[in-house]
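Observations on the three-dimensional arrangement
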Amino acid sequence: MDSEMKMMFNTIIEEMGNMEERINKRFDKMENRFEKIENELELLHHDVNACKLEKESISLLIKKIDQLEKRIEELEKRTA
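As a starting point, this report considers the structure included with it. It should be emphasised that the depicted structure is a prediction, and the values quoted were computed from it without experimental measurement. (Residues numbered from 1 in each chain as written. Predicted model: local features only at pLDDT ≥ 70, side-chain atom pairs only at ≥ 80, totals over all residues. Heavy atoms only, no water.)

What about the overall build of the chain?
Our working definition: Put simply, DSSP H or I for four residues or longer makes a helix, DSSP E for two residues or longer makes a strand, and each gets a number counted from the N terminus. Radius of gyration: over C-alpha atoms. The globule rule applied is 2.2 Å multiplied by the number of residues raised to the 0.38 power. Accessibility here uses a 1.4 Å probe with only protein chains present; expressed as a share of the type maximum, an area under 20% marks a residue as buried, one over 50% as exposed, and anything in between as partly exposed. Residues counted as positive are Lys and Arg, residues counted as negative are Asp and Glu, and His and the chain ends are not counted. Where a charge sits is defined by one atom per residue type, namely NZ (Lys), CZ (Arg), CG (Asp) or CD (Glu).
The secondary structure content of the chain amounts to one helix and zero strands. Computed over C-alpha atoms, the radius of gyration of the chain comes to 34 Å, more than 25% over the 12 Å expected from 2.2 N^0.38 for 80 residues, which places it beyond the range of a compact globule. In terms of overall dimensions, the chain has C-alpha extents of about 115 × 10 × 5 Å along its principal axes. Across the 80 residues of the chain, 0% fall into the buried class. Side-chain charges of the chain comprise 15 positive and 20 negative groups, with the mean position of each set lying 9 Å from the other.

Quick look at a negative patch on the surface
The cut-off we apply is this: Patch membership is restricted to residues that have no salt bridge and whose relative accessible area is over 30%. Joining uses 9 Å for like charges and 5 Å for the nonpolar side chains Val, Leu, Ile, Met, Phe, Trp and Tyr. Surface accessibility in these figures is a Shrake-Rupley result with a 1.4 Å probe; residues are shielded only by whichever protein chains are displayed. By definition, a salt bridge exists where a carboxyl oxygen of Asp or Glu is found within 4 Å of a side-chain nitrogen of Lys or Arg.
Among the surface-exposed residues, D28, E31, E35, E38 and E42 lie close enough to one another that they form a single negatively charged patch. Assignment of secondary structure puts E42 in helix α1 (residues 3-79).

As for the pattern of salt bridges
One side chain can pair with another of opposite charge once the charged atoms of both are near each other. Tallying each qualifying case throughout the model produces one salt bridge. Residue R22 pairs with E15 through a salt bridge whose shortest N-O separation is 3.5 Å. The class for E15 is partly exposed, based on a relative accessible area of 38%.

Some thoughts on a positive patch on the surface
A surface patch of positive charge is lined by K25, R26, K29, R33 and K36. When you line up the elements, K36 lands in helix α1. Judged by relative accessible area, which is 56%, K36 ranks as exposed.

As for the environment of H45
By secondary structure assignment, the location of H45 is in helix α1. In this structure the C-alpha to C-alpha distance between H45 and I13, which are 32 residues apart in sequence, comes to 47 Å.

This is the structure:
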């Protein structure tokens, strides 16, 4: 190979290296975005579970209040 061919070959190799670096940077950015999305989804999952637990707790409290109201009504009927 003559010097001009070597120079063109080296230039092509260098440009391929530059492209690889740019592509790797983009992949890194995408990977970071996916990690952020995964973290946010995990937080949302925890929030959903907390809401479900609150709903169940409220349902149990309402059920208990209803039971207590019935007992009070029965006691009021007995004392009246």
